[in-house]
Amino acid sequence: MRVLEIFNSLQGEGVWSGVPMTFVRLAGCNAPQVGLGCVRWCDTPGSWDPSAGRAMSPAEIARRVSLPRVCVTGGEPLLQGEELRVLVSTLRAGGARVHLETNGTLPLPAGLALDWVTVSPKPPAYTVSAGIGRVDEIKVVVQKDLQADVVQALAATHPEALVSLQPEAGEAPGSTLQAIELVMAHPHWRLSLQLHKLLGLR
Ligand code: SF4
């Protein structure tokens, strides 16, 4: 599979903020093809090219993991479906807890035994694939004009999921204030502030 980078850091986003994880960033993203608005502010555009990084086997990747929790991210990691399934089972067989972060445009392959699934739907449509399956957390990127009903509609599709609201990257004017106002008005939601960037970490 194509791997852009593997590194250790604190999880900076969402429910698991502050927890040390090994991050495995896979190459390839479908956001430009499916018209996601995050292409304007993506902080990992180097991950879009499916031929970026280098080829690694699941066993090679597993040998680079040194923390109890692994976050498999991208790009869009579900583009590497069958190989991803093998990677997840290899990591779990080695004792790791495996988290996945996806943009929500693709279904989870059958047999993907994950410990945590964060779906981060993107503007403008904030759509989540109907066949995505398990969702533990919905992490919504907040633009200054995002309305509560959009988040409520997303949350209603997966009532078991926790909801995190994260201001648009780059501190777009008004997005942080809007995220705070939404959370204060809906206290079962929570604010996600990209802790790693605030701390100057990767
Ligand atoms: S889905 Fe993620 S990696 Fe792809 S363009 Fe959007 S923010 Fe960047």
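Definitions and limits used
Residues numbered from 1 in each chain as written. Predicted model: local features only at pLDDT ≥ 70, side-chain atom pairs only at ≥ 80, totals over all residues. Helix = DSSP H or I, 4+ residues; strand = E, 2+ residues; numbered from the N terminus. Rg over C-alpha atoms; globule rule 2.2 N^0.38 Å. Buried ≥ 20, exposed ≤ 12 C-beta atoms within 10 Å, placed from the backbone. Contact = placed C-beta atoms within 7 Å. Near = placed C-beta within 6 Å. Nonpolar A, V, L, I, M, F, W, Y, C, P; charged D, E, K, R; others polar. Pairing = 2+ DSSP bridges. Core = buried A, V, L, I, M, F, W, Y, C linked by C-beta atoms within 7 Å. Right-handed = clockwise from strand over helix to strand, strands pointing away. Expected span 1.5 Å × (residues − 1). Arc of directions from axis to C-beta.

Trainee: Please set out the overall build of the protein residue by residue, giving values where relevant.
Mentor: Secondary structure summary: the protein contains six helices and nine strands in total. On C-alpha atoms alone, the protein measures out to a radius of gyration of 16 Å, which is about the 17 Å that the 2.2 N^0.38 rule sets for 202 residues. For the protein, the spread of C-alpha atoms along the three principal axes comes to 45 × 35 × 30 Å. Every one of the 202 residues in the protein was classed for burial, and the buried ones make up 40%. Residue pairs at least 24 apart in sequence account for 65% of intrachain contacts in the protein once pairs closer than 6 positions are excluded.

Trainee: Give a detailed account of the site of the ligand, specifying residues and quantitative values.
Mentor: Every one of the 13 residues lining the ligand counts as a neighbour, but Cys29, Ala31, Cys38, Cys42 and Asn103 are closest to it. Tallied by class, residues from the shell around the ligand come to six nonpolar, five polar and two charged.

Trainee: Talk me through the environment of Pro58; I want residue IDs and the actual numbers.
Mentor: Tracing the backbone through its elements, the reader meets Pro58 in helix H2 (residues 58-63). Overall, the presence of 18 C-beta atoms within 10 Å leaves Pro58 in the partly exposed class. For the pair Pro58 and Thr90, spaced 32 residues apart in sequence, the C-alpha to C-alpha distance is 6.6 Å. In this structure, Pro58 is in contact with Val86, Leu87 and Thr90, ignoring residues within four places of it in sequence.

Trainee: I'd love a proper account of the sheet that holds strand S9 (residues 190-191), names of residues and values included.
Mentor: Adjacent strands of a sheet pair through backbone hydrogen bonds, lying either parallel or antiparallel. Ordered in space as S3-S1-S2-S4-S5-S6-S7-S8-S9, the nine strands form an open sheet in which the pairing is mixed. Of all the strands in the sheet, just strand S3 (54-55) and S9 have a single pairing partner and so form its edges. Alignment of strand S8 (residues 162-167) against S9, held across two bridges, turns out to be parallel. Residue pairing across strands places Leu165 opposite Leu191, the latter belonging to S9.

Trainee: Which residues make up the nonpolar core, and what values do they have?
Mentor: Soluble globular proteins tend to pack their nonpolar side chains together in the buried interior. With 42 residues, the main nonpolar core has Val70, Val72, Leu91, Val140 and Leu165 as its most contacted residues. Apart from the residues within four sequence positions on either side, Leu165 is in contact with Val140, Val142, Val151, Ala179, Leu182, Val183, Trp189, Leu191 and Ser192.

Trainee: Which residues make up the pairing of strand S4 (residues 69-73), and what values go with them?
Mentor: Extensive coverage of S4 is indicated by the burial of four of its five residues. Bridging between strand S2 (residues 20-26) and S4 involves four bridges; their strand directions are parallel. Its bridge partner being in S4, Arg25 is matched across the sheet by Thr73. Both S4 and strand S5 (residues 97-102) contribute to a ladder of four bridges, which runs parallel. What sits directly across from Val72, in S5, is Leu100. Note on the crossover from S4 through helix H3 (residues 81-93) to S5: the handedness is right-handed.

Trainee: So what's going on with H3? Which residues, and what values?
Mentor: With 13 residues, H3 ought to run about 18 Å at 1.5 Å a step, and its terminal C-alpha atoms sit 18 Å apart, in line with that. Those residues of H3 not exposed but buried are Leu84, Leu87, Val88 and Leu91. Buried residues of H3 fall within an arc of 100° about the axis and therefore sit on the same side. Of the exposed residues in H3, the ones pointing more than 90 degrees away from its buried face are Glu82 and Ala93. Against the buried residues of H3 lie H2, S4 and S5.

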